[in-house]
Amino acid sequence: MTPLWACRAIIFDLDGTLTVPQHNFDEIRDALGIPQGALILEHLAALPQPEQRDKRAELDAIELAIAKESQPAPGVIELLDQLRANNLPFAILTRNSARNAWASLYAINAHEYFSADLVIGRDEATPKPDPAGINLLASRLGQTVTNCAMIGDFRHDLEAGTRAGCHTVHIRHGDARVWPEITQTTVSSLEALRTELNL
Ligand SMILES: [Mg+2]
């Protein structure tokens, strides 16, 4: 496993990783009539049309409203500046839609750090925990997946990273639950991540 400081490209989750966590997925499940504990995207994908189409539109609208209220995670701009200064390329892989990801990036004033081909949402690749988005981004970043770090705040991020062969970093908020079997490095903030990256 490539140590974190030796990774040559970074793939970030967006919501709750580069932004302050604000999604309440249980409330979203309730609003969409999805059973608690079910994976939202996967549950919707199994619904018949036109219900599936209607509920996906409802989900997009709920998440767009949340995206527009995004707050930057402490230290996010400093981290992106340092990555850029050190020629470490970076990208975003989210289970949200790319459109909503861009709404979040504008809200936290980080949009100019990213190009369209390096923000991958649920419609551009099979969503995490599937590793498809990581494989796609690694090639666009010009690196092998084993030289990439996958950084996120939830199990899907760490599972996708592990399945792809990345170094996985858990951004652990407070006493949030942990997944040690799929986590190589745990940090409590983006500032701590900068330290781990020797930036
Ligand atoms: Mg997240």
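Note that the coordinates shown come from a computational prediction; the quantities given were computed from them, not determined experimentally. (Residues numbered from 1 in each chain as written. Predicted model: local features only at pLDDT ≥ 70, side-chain atom pairs only at ≥ 80, totals over all residues.)

Peer 1: How should I be thinking about the overall build of the protein chain in this particular structure?
Peer 2: Each helix and strand counted, the protein chain has 8 helices and 6 strands in total. Its helices and strands in sequence order give the protein chain the pattern β-α-α-α-α-β-α-β-α-β-α-β-β-α, from N to C terminus. For 199 residues, the compact-globule estimate of 2.2 N^0.38 gives 16 Å, and the protein chain sits close to it at 16 Å. Its C-alpha atoms give the protein chain principal-axis dimensions of about 50 × 35 × 30 Å. Counting the 199 residues in the protein chain, one finds 35% classified as buried. Nonlocal contacts in the protein chain, meaning residues at least 24 apart in sequence, comprise 65% of its contacts between residues at least 6 apart. (Helix = DSSP H or I, 4+ residues; strand = E, 2+ residues; numbered from the N terminus. Rg over C-alpha atoms; globule rule 2.2 N^0.38 Å. Buried ≥ 20, exposed ≤ 12 C-beta atoms within 10 Å, placed from the backbone. Contact = placed C-beta atoms within 7 Å.)

Peer 1: What is the right way to read the sheet that holds strand β3 (residues 119-120) from this model?
Peer 2: Neighbouring strands of a sheet are bound in pairs by backbone hydrogen bonds; such pairs are parallel or else antiparallel. Overall, parallel pairing links the 6 strands, which are arranged β3-β2-β1-β4-β5-β6 in an open sheet. Two strands close off the open sheet at either side, each with one partner strand: β3 and β6 (185-187). By the bridge criterion, 4 bridges tie strand β1 (residues 9-12) to strand β4 (residues 148-152) in an arrangement that is parallel. Bridging from a neighbouring strand, I10 pairs with A149 of β4. (Pairing = 2+ DSSP bridges.)

Peer 1: Looking at this structure, how should I read the domain arrangement of the protein chain?
Peer 2: Note: interface size is frequently given as the accessible area lost on complex formation between the parts. Annotation of the protein chain at the domain level lists domain 1 (4-21 + 71-196) and domain 2 (25-68). On a C-alpha basis, the centroid separation for the pair domain 1 and domain 2 is 23 Å. Of the residues lining the interface, 9 residues belong to domain 1; the matching set on domain 2 comes to 6 residues. Partitioned by chemical class, the residues of the side of domain 1 that touches domain 2 number 3 nonpolar, 4 polar and 2 charged. (Domains from an automatic or database assignment. Nonpolar A, V, L, I, M, F, W, Y, C, P; charged D, E, K, R; others polar.)

Peer 1: Just to check I follow, could you spell out the pairing of strand β5 (residues 167-171) for this structure?
Peer 2: Looking down a regular strand, the side chains alternate between one sheet face and the other. Buried residues dominate β5, accounting for 5 of its 5 residues. Neither face of β5 is open: one carries H167, V169 and I171, the other T168 and H170, and all of them are buried. Relative to β5, β4 is paired through 4 bridges, and the arrangement is parallel. Looking at β5, one finds that I151 is bridged to V169. Once you follow β4 into helix α7 (residues 155-164) and on to β5, the crossover reads as right-handed. As paired elements, β5 and β6 share 3 bridges and run parallel to each other. When the sheet's bridge partners are listed, H170 is paired in β6 with T186. (Right-handed = clockwise from strand over helix to strand, strands pointing away.)

Peer 1: What exactly am I supposed to notice about the environment of E42 here?
Peer 2: Within the secondary structure layout, E42 lies in helix α2 (residues 40-45). Distance in space between the C-alpha atoms of E42 and A91 is 24 Å, their sequence separation being 49 residues.

Peer 1: When you look at helix α3 (residues 51-68) in this model, what are you seeing that I'm missing?
Peer 2: Each α-helix winds once per 3.6 residues, and so residues spaced three or four apart point in a common direction. The end-to-end C-alpha distance of α3, which contains 18 residues, comes to 26 Å, matching closely the 26 Å that a straight helix rising 1.5 Å per residue would cover. Burial in α3 covers these residues: L59, E63, I66 and A67. Down the axis of α3, the buried side of the element spans an arc of 95°, and every buried residue falls inside it. Turned more than 90 degrees off the buried face of α3, the exposed positions are R53, A57, A61, A65 and K68. Buried residues along α3 sit in contact with α1 (25-32), α2 and α5 (98-107). (Expected span 1.5 Å × (residues − 1). Arc of directions from axis to C-beta.)

Peer 1: Mind showing me how you'd approach the pairing of β4 here?
Peer 2: Burial of β4 is extensive: 5 of the 5 residues sit out of reach of the surface. On β4, burial covers both faces: C148, M150 and G152 on one face and A149 and I151 on the other are all buried.

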